[in-house]
Amino acid sequence: MAKILLSKKNLFYNLEEISKKAKGKEKVAVVLKDNAYGHGLIEIASLCKEFGIQKAVVRTIEDAQKIRDYFSYIVVLADNSFHNYSHTFHIAINSLDDINKVPQNANIHLKIDSGMHRNGISIDDIEVAILGLLERKANITGVFTHHRGADTLSTDFFWQNENFTKAKTKVKELCEKLLIKVPSFHSCNSAGLFRKQIFDEDFARVGIATYGYLDNDEVFDFPKLKPVMSLWATKMATRELKKGQSLGYGGKFKAKENMVVSTYDIGYGDGFLRLNEDDSYKTPKGFEVLGRVSMDNLSLNSEDNEVCIFDDVTNLAKIHKTITYEITCSLKEGLKKEILL
Ligand SMILES: *Cc1c(COP(=O)(O)O)cnc(C)c1O
């Protein structure tokens, strides 16, 4: 059966590098949204806990519930329904309208729009938002923002940082005036953390680097991380393909000579996307994907019983003209996960 192997050694290596840069394990919030970028929510949560990480970031309260025993602090990015709310959850508020839904004593992280213009309130609305939240007797435990281009060499990172610094100053002044505790501040994703000369925020929200990738411009001298996930498939059938015979849907692969081919139990139904016909893809052992990827299988010039389909998705991301995030996130939740110790 096809499966995902998770390398605990590589994950711990990445978490070590990340914690070093963030200046402490307590300053790292691992981003586990979307099934831990396809790696398995529970598997990655339990390993992160074992490493000593205490904070996590998820998209929904449902996901927060699933990992509540692993972390003492969970930021929920995009679910303010407040059902099954727990005191270790910190709910992001993405617009002024959201404030009307906040129940008493809820922990709130206020999202600031520092220039991405996707979510968050504008800097000019900070006072209105804080007063509104206090009126609802919420605990303002965090104020944060998100970068639109920390991974690319442009001025974006700098002016967004400047805007967020302005926001922080404003929040601190208000807290002093209103006699409330200054909240935690956080703005960095993976690339943001590694771009900071000196990291001085309360914590960073680290997703892709945890899993071993940094999709950044090459000019940055970021550390080399190690991919955590490898995808494996099992042989279903082997046959000889005679010279001139074609294989699979559309007969897109044609044998130039007699050859042995095998079918393996992974396909786009599992989230291993169909390949662009202009590019060839080879597995780490050098087997080539022959012809089209089907829903539940693909063919290789191999006879091995088990084949590693990938142990690094950088090349696949290039072939698909996308980012590593999308390749791992595409893998279906139902794929079996095994942890390699
Ligand atoms: C997904 C996400 C992150 C993590 O980003 P990476 O580039 O994977 O480190 C951080 N913050 C927010 C708000 C996100 O949505």
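Quick caveat, the model's predicted, so the values are computed rather than measured.

## Topic: the pairing of strand β1 (residues 3–7)
Thinking step 1. Burial analysis of β1 places five of its five residues in the buried class, the great majority of the element.
Thinking step 2. Across the two faces of β1 the burial is the same, with K3, L5 and S7 and I4 and L6 all buried.
Thinking step 3. Pairing of β1 with strand β17 (residues 336–340), which is carried by five bridges, proceeds in the parallel orientation. Paired with I4 across the two strands is K337, which belongs to β17.
Thinking step 4. Alignment of β1 against strand β10 (residues 229–241), held across four bridges, turns out to be antiparallel. Directly across from L5, in β10, lies its bridge partner S230.

## Topic: the packing of aromatic side chains
Thinking step 1. All chains considered together, the criterion is met by 10 aromatic pairs.
Thinking step 2. On the basis of an interplanar angle of 80° and a centroid distance of 6.4 Å, the ring pair of F164 and F185 is categorised as edge-to-face. Here the residue F164 occupies a position in helix α6 (residues 156–178), and F185 occupies one in strand β8 (residues 184–186), the gap between them amounting to 21 residues.
Thinking step 3. By relative accessible area, which is 1% here, F164 ends up buried.
Thinking step 4. Ring geometry for F194 against F222: centres 6.0 Å apart, planes inclined by 45°, an arrangement best described as tilted. Placement of F194 in helix α7 (residues 190–195) and of F222 in the loop between β9 (204–206) and β10 is noted, with a sequence separation of 28 residues between them. For the pair formed by F194 and F222, the shared burial category is buried.
Thinking step 5. Three or more aromatic residues joined by ring pairs make a cluster, and in this case those are Y37, Y211 and Y325.
Thinking step 6. When the ring centre of F51 is taken as origin, the NZ or CZ atom of K25, which lies over that ring, is 4.3 Å away.

## A closer look at α6
Thinking step 1. Its 23 residues give α6 an end-to-end C-alpha distance of 33 Å, which sits within 8% of 33 Å, the value for a rise of 1.5 Å per residue.
Thinking step 2. Every buried residue belonging to α6 is among D156, F157, Q160, N161, F164, A167, K168, V171, L174 and C175, and all of these are buried.
Thinking step 3. Summarising the contacts, the buried residues of α6 are in contact with α5 (126–135), β7 (139–144), β8 and α7.
Thinking step 4. Phi for L179, located one or two positions after α6, is positive at around 55°.

## Thoughts on the site of the ligand
Thinking step 1. Close to the ligand lie V31, K33, Y37, L77, H146, N189, S190, R205, V206, G207, I208 and Y325.
Thinking step 2. Separating an oxygen atom of the ligand from a side-chain N or O atom of S190 is a distance of 2.5 Å.
Thinking step 3. R205 places a side-chain nitrogen or oxygen 2.8 Å from a nitrogen atom of the ligand.
Thinking step 4. For the ligand, whose free accessible area comes to 390 Å², the fraction covered by protein is 92%.
Thinking step 5. For the ligand, the cavity whose grid points lie within 2 Å of the majority of its atoms is the largest pocket.
Thinking step 6. Secondary structure elements with two or more residues in the shell around the ligand: α2 (33–37) and β9.

## With respect to the pattern of salt bridges
Thinking step 1. Counted under the stated rule, the structure contains 13 salt bridges.
Thinking step 2. For the salt bridge of E201 with K168, the shortest nitrogen-to-oxygen distance reads 2.8 Å. Here E201 is found in the loop between α7 and β9, whereas its partner K168 is found in helix α6, with 33 residues between them in sequence. Each of the two residues, E201 as well as K168, counts as buried.
Thinking step 3. Beyond isolated ion pairs, a larger network of salt bridges with shared partners links K3, E306, K336 and E338.

## Topic: unusual backbone geometry
Thinking step 1. For K23, which is not a glycine, the phi torsion comes out positive at approximately 70°.
Thinking step 2. When you line up the elements, K23 lands in the loop between α1 (8–22) and β2 (28–31).
Thinking step 3. Positioned with a positive phi, K321 is a non-glycine residue whose angle comes to about 50°.
Thinking step 4. Relative to the elements of secondary structure, K321 occurs in the loop between α8 (314–319) and α9 (324–329).

## Brief notes about the side chain of D79
Thinking step 1. Within the fold, D79 resides in the loop between β4 (73–76) and β5 (89–93).
Thinking step 2. Although buried, D79 forms no salt bridge, and the nearest oppositely charged side chain, K101, lies 8.7 Å from it.
Thinking step 3. Here I61 takes part through its backbone nitrogen, which lies 2.9 Å from a polar atom of the side chain of D79.
Thinking step 4. Polar contacts involving the side chain of D79 include one to the side chain of S81, which spans 2.7 Å.
Thinking step 5. Look past the residues within four positions of D79 in its chain and what remains in contact with it is R59, T60, I61, E62 and I91.

Thresholds applied
Sequence order as written defines residue numbering, which begins from 1 separately in each chain. Given that the model is predicted, a residue must reach a pLDDT of at least 70 before its local features are reported, and side-chain atom pairs must reach 80 or more before they are shown or counted; all residues, however, enter totals for whole chains, interfaces and linings. Side-chain numbers come from the whole structure's heavy atoms, not from hydrogens or water. Think of it in three bands: residues with accessible area under 20% of the maximum for their type are buried, residues over 50% are exposed, and the middle band is partly exposed, with areas taken using a 1.4 Å probe on protein chains only. By definition, any uninterrupted DSSP run of H or I lasting at least four residues is a helix, any uninterrupted run of E lasting at least two residues is a strand, and each is numbered from the N terminus. Two strands pair if DSSP finds at least two bridges between them. Two rings from Phe, Tyr or Trp (for Trp, the six-membered ring) form a pair when their centres are within 6.5 Å of each other. A pair whose planes differ by under 30 degrees is stacked, one over 60 is edge-to-face, and the rest are tilted. A ring is considered to have a charge above it if a Lys NZ or an Arg CZ atom is located within 6 Å of its centre and within 35 degrees of its normal. The span you would expect from a helix comes to 1.5 Å times its residue count less one. The criterion used for residue contact is that any of the two residues' heavy atoms lie within 4.5 Å. If a single non-hydrogen atom of a residue is within 4 Å of a molecule or strand, that residue counts as near it. For this analysis, a polar contact is any N or O atom pair within 3.5 Å, provided that within protein one partner can donate a hydrogen and the other can accept it, and provided that sequence-adjacent residues contribute only side-chain to side-chain pairs. Using a 1.4 Å probe, accessible areas were evaluated by the Shrake-Rupley method; residue-level cover was limited to the displayed protein chains. For each structure, a 1 Å grid was placed over the protein atoms alone; sets of points admitting a 1.4 Å probe that cannot get out are labelled cavities, open sets with protein on both sides within 12 Å along at least five of seven lines are labelled pockets, and lining residues have an atom within 4 Å of a point. Molecules are considered to sit inside a cavity or pocket once more than half of their atoms lie within 2 Å of its grid points. We define a salt bridge as a contact between a side-chain nitrogen of Lys or Arg and a carboxyl oxygen of Asp or Glu at a distance within 4 Å. Neither His nor the chain termini are counted; the positive set is Lys and Arg, and the negative set is Asp and Glu.

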